[in-house]
Structures are given as structure tokens and as C-alpha cells.
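Read off the chains here:
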Amino acid sequence: MLNKKEIEDIIPQGDPFLMIDEVEEYVPGESAIAYKNVKEDEWYFKGHFPGNPIMPGVLITESLAQTGAVAILSMEENKGKNALFGGIDKMKFKKVVVPGDRLKLEVKIIKKKGPIGIGEAIATVDGKIAAKGELTFALV
């Protein structure tokens, strides 16, 4: 299990934009499972939406991307690099994510060629799919 400090030692994101709270497990270069505890006081709930807080789909996608970044940037040869979005494909949002939810984030790296790769990403809440799709990354 990795805590926020240990996550920040692997990926460059930090508060307030670190979108994962803990990593349950990871295999460098292959996969990662992380969690985001969605709290009422998240910065984005002030405007999305007042009186009806819903985690934006783009931030669910970012949470998945950061989870995938843990998998790819934990490889010794990738230390100190950054993983940027190269594309988002087949992303579907199936369930709203609200304060109090514990978002489980799972990313499996399904393709790597040079500095480019693709991760299969699935976000769930209580075993129900909230979002799923493929994320293309570019290492820089």
C-alpha cells in the first residue's frame, strides 16, 4: 500500500491536483490499483454542481491516468519522467460519482512501444462501473 507521500515520490502531481489517495498494489510497467476517497470539501464541488455535487468525468479520467502513471513511472528506467495524455479512447461514463464514494481505479498497461503506451482503465464504486476506456500516454 502506498500513501500520498509515496505516490508523490513516483508521479509529479501534487495537491490540490493529486487525484488518488492510496495505491493498493502495483506491478511496475504492468498495472496499478488505486483509490480516491471522494470528500464533500473537494475543490471542484464548489462549482460542479452547487447543491448537487458530482465528480467531473474529466477528473475521474485524470484519476485513472494518475493510477496508470504509478504503474509506468515506477519502472526504474522511467523515474523522473512524466506521462502525458496522448489520447482518450472509448471512454464511457456509466455512474455518477458523489461525495462519500470510494472510487476504485484499475489500470492495466496493454500496449507499449517506445515512449508510447495504452492503458485499459476502469473506475468503479461498490463494484459498479463508473467509467471505463483506454488511455494513451506518452513518456517525456
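Refer to the structure printed above.
Everything numeric in this text was worked out from a predicted model, so none of it was measured. (Residues numbered from 1 in each chain as written. Predicted model: local features only at pLDDT ≥ 70, side-chain atom pairs only at ≥ 80, totals over all residues. Heavy atoms only, no water.)

### Considerations on the nonpolar core
Nonpolar side chains in soluble globular proteins tend to be buried together.
Piece 1. Ranked by size, the top nonpolar core spans 38 residues in total, and within it Met55, Leu64 and Leu103 carry the most contacts.
Piece 2. The set of elements that each furnish at least two residues to this core consists of strand 2 (31-37), helix 2 (57-73), strand 3 (83-93), strand 4 (102-113), strand 5 (116-125) and strand 6 (128-139).
Piece 3. At eight residues, the largest contribution of residues to this core is made by helix 2.
Piece 4. Each residue touching Leu64, except ones within four places of it in the same chain, is listed here: Met91, Leu105, Glu106, Val107, Ala121, Ile122, Ala123 and Leu135. (Core = buried A, V, L, I, M, F, W, Y, C linked by side-chain atoms within 4.5 Å. Buried < 20%, exposed > 50% of the residue type's maximum accessible area, 1.4 Å probe, protein only. Helix = DSSP H or I, 4+ residues; strand = E, 2+ residues; numbered from the N terminus. Contact = heavy atoms within 4.5 Å.)

### Regarding the side chain of Asp21
Piece 1. Within the secondary structure layout, Asp21 lies in the loop between helix 1 (4-8) and strand 1 (22-27).
Piece 2. According to the relative accessible area criterion, Asp21 is buried, its value standing at 11%.
Piece 3. Here Asn37 takes part through its backbone nitrogen, which lies 2.6 Å from a polar atom of the side chain of Asp21. (Polar contact = N/O pair within 3.5 Å; in protein donor to acceptor, adjacent residues only side chain to side chain.)

### What to know about the packing of aromatic side chains
Each aromatic ring pair is characterised by the separation of its centres together with the angle its planes make.
Piece 1. Tallied over the entire structure, the rule returns two aromatic pairs.
Piece 2. Consider the rings of Tyr44 and Phe45, whose centres lie 4.7 Å apart with planes at 70°: the pair is edge-to-face.
Piece 3. In textbook terms, an aromatic cluster arises when at least three aromatic residues are bridged by ring pairs, as seen for Trp43, Tyr44 and Phe45.
Piece 4. The aromatic ring of Tyr35 is capped on one face by Arg102, whose charged end is 4.0 Å from the ring centroid. (Phe/Tyr/Trp six-rings, centres within 6.5 Å; stacked < 30°, edge-to-face > 60°. Lys NZ or Arg CZ within 6 Å of the ring centre and 35° of its normal.)

### A word on the pairing of strand 5
Two faces make up the sheet, and in a regular strand the side chains alternate between them.
Piece 1. Note: strand 4 against strand 5, ten bridges, orientation antiparallel. Among the inter-strand pairings, Lys108 is bridged to a residue of strand 5, identified as Glu120.
Piece 2. Counting the residues in the hairpin turn of strand 4 and strand 5 gives two residues, including Gly114, whose phi is positive at 60°.
Piece 3. Note that strand 5 and strand 6 share ten bridges and pair antiparallel. (Pairing = 2+ DSSP bridges.)

### Quick look at unusual backbone geometry
Piece 1. Residue Asp15 is joined to Pro16 through a cis peptide bond whose omega torsion reads 5°.
Piece 2. Mapped onto the elements of the fold, Pro16 is located in the loop between helix 1 and strand 1.
Piece 3. Cis peptide bonds are those with omega within 30 degrees of zero, and the linkage from His48 to Phe49 qualifies with -5°.
Piece 4. In this fold, Phe49 is placed in the loop between strand 2 and helix 2.
Piece 5. In this structure, Lys90 is a non-glycine residue whose phi angle is positive, near 60°.
Piece 6. Here Lys90 is to be found in strand 3.
Piece 7. Assessed through its relative accessible area of 54%, Lys90 is described here as exposed.

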